[in-house]
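Breakdown of the fold
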Amino acid sequence: MNRRRDAAAPPPGAHDGLVVATYGRHLLIETADRTRTRCHPRGKRQEAVVGDRVRWTPSGDEGVIDAVLPRRNLLFRQDALRTKMFAANLDQVLVLLAAEPTFAEPQLARALIAARQAGIEPLIALNKRDVQPAFAEAWARLAPYRAMGETVLPLQLQPEDAATAADLAALTERLRGRVTLVMGASGVGKSTLVNRLVPHAQADTQAISRALGTGRHTTTRTTWYWLDDGHGGALIDSPGFHEFGLHHIAPEALARWMPDLAPYVGQCRFHNCTHRREPGCAIQAAIAPHGPVAPHRWRLYQDLYEELAAARAP
């Protein structure tokens, strides 16, 4: 999904630019001097996403995308019906959770697996620290993720006081100088987070809406926000999601993208072990209480393996 033909001979008058917003077949392209132009893809297939570097040609007051330049990476999800591309050329993915609404762990796990498979570093933040005991319960549910080395940050965005400022400072340190895609379900505080970190976000959103010809409160758009005037880092705000298909991942490769299981891959008695029922399986031997792998994580692996295997069945 992240291979693109390089445009070796750009057409006359072509420019290079960065995709900073998409809505339907409309794209907003930013050039090096920060000028933004509404563009359309050449042909029927929409291939460019926010974060892409593209080559485009002016056409009246708008432009036409001639080529998507090679990507470092691409985060996407895939199920039996469709492939949904989120963003490209990312340094990390911030999965934002909240004490309320209660997060679905399978969806969290799927997002983390997709990020690692794409070669993108994940980061988890749990919002609404002031909502107790829900926050304490959610924090406990994330213990296996902290134990396997995932970075999990506590967060509180309201009210704007010293405690929330400290939380934001810790998160900002992780975002500085990096391009970060923010993902999360509705109601977890994504909009609040973006507005706290990017004071001009609302003005940018309105300007982008006018440029793309969309409503002010469009919720299906993916948008790039610079974190500072020096362009030292950026947040990409994406629509909420309920399902996260992983059909692009082969079932036999699944364990290597789960950091608590990955250390045991290759240590089983059989080289083609599926880590489900085979004797001499190193992953099964590492399940608690005999090892560090949480039983519910192994059950999650089994469910995902069955799903991915079924998707490839003739």
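Attention here is on the structure that accompanies the text. Everything numeric in this text was worked out from a predicted model, so none of it was measured. (Residues numbered from 1 in each chain as written. Predicted model: local features only at pLDDT ≥ 70, side-chain atom pairs only at ≥ 80, totals over all residues. Heavy atoms only, no water.)

A word on the packing of helix α4 (residues 162-175) against helix α5 (residues 190-197). Closest axis-to-axis distance for the α4/α5 pair is 11 Å, and the angle between their directions is 80°. When the axes of α4 and α5 are compared, the pair comes out roughly perpendicular. Of the residues in α5, those touching α4 at Thr-164, Leu-168, Leu-171, Thr-172 and Leu-175 are Leu-193, Arg-196 and Leu-197. For the contact of α4 with α5, the class distribution of residues is five nonpolar, two polar and one charged. (Axes fitted to C-alpha atoms, helices over the stretch in contact; angles between N-to-C directions. Helix = DSSP H or I, 4+ residues; strand = E, 2+ residues; numbered from the N terminus. Parallel < 35°, antiparallel > 145°, perpendicular 65-115°, else oblique. Contact = heavy atoms within 4.5 Å. Nonpolar A, V, L, I, M, F, W, Y, C, P; charged D, E, K, R; others polar.)

Axis angle and axis distance: for two packed helices, these are the angle between their axes and the distance between the axes, and together they describe the pair. One way to put it is that helix α1 (residues 105-117) packs onto helix α8 (residues 295-312) with a least axis distance of 11 Å and a crossing angle of 70°. When the axes of α1 and α8 are compared, the pair comes out roughly perpendicular. Judged by the twist between their axes, the crossing of α1 over α8 is right-handed. Where α1 approaches α8, its residues Glu-105, Pro-106, Ala-109, Arg-110 and Ile-113 are matched on the opposing element by His-296, Arg-297, Leu-300, Leu-304 and Glu-307. When the residues that make up the contact of α1 with α8 are grouped by side-chain class, the tally is five nonpolar, one polar and four charged. (Left-handed = near helix turned anticlockwise from the far one by under 90°.)

Our focus in this paragraph is the packing of aromatic side chains. The final tally for this structure, using the stated rule, is four aromatic pairs. Here the aromatic rings of Phe-135 and Trp-139 are separated by 5.9 Å at their centres, their planes lie at 15°, and the arrangement is stacked. Placement of both Phe-135 and Trp-139 in helix α2 (residues 134-141) is noted, with a separation of four residues, approximately one turn of the helix. An angle of 75° between the planes, with centres 5.1 Å apart, marks the rings of Trp-224 and Trp-226 as edge-to-face. Owing to a relative accessible area of 4%, Trp-224 belongs among the buried residues under this scheme. (Phe/Tyr/Trp six-rings, centres within 6.5 Å; stacked < 30°, edge-to-face > 60°. Buried < 20%, exposed > 50% of the residue type's maximum accessible area, 1.4 Å probe, protein only.)

By the secondary structure assignment, His-247 is in the loop between β13 (234-237) and α7 (282-285). When near neighbours in sequence (up to four residues on either side) are disregarded, His-247 contacts Gln-78, Asp-79, Ala-80, Glu-307, Leu-308, Ala-311 and Arg-312.

On to unusual backbone geometry. The linkage connecting Gln-158 with the following residue, Pro-159, adopts the cis geometry, with an omega of -5°. Relative to the helices and strands, Pro-159 resides in the loop between β10 (152-154) and α4. In this structure, the amide linkage connecting Ala-288 to the following residue, Pro-289, adopts the cis form with an omega of 10°. Of note in this structure, Arg-34 is not a glycine but carries a positive phi near 75°. Considering the arrangement of structural elements, one finds Arg-34 in the loop between β2 (26-30) and β3 (36-41). Its identity is not glycine, yet Lys-128 carries a phi of approximately 70°, on the positive side. With respect to the secondary-structure elements, Lys-128 resides in the loop between β9 (121-127) and α2.

Let's shift gears to the pairing of strand β6 (residues 74-78). The buried fraction of β6 is high, at four of five residues. Of the pairings in the sheet, the one linking β6 to strand β7 (residues 83-88) comprises five bridges and is antiparallel in character. From the neighbouring strand, Leu-75 faces β7, where its bridge partner is Ala-87. Taking the residues that link successive antiparallel strands as the turn, the β6-β7 hairpin has four residues. (Pairing = 2+ DSSP bridges.)

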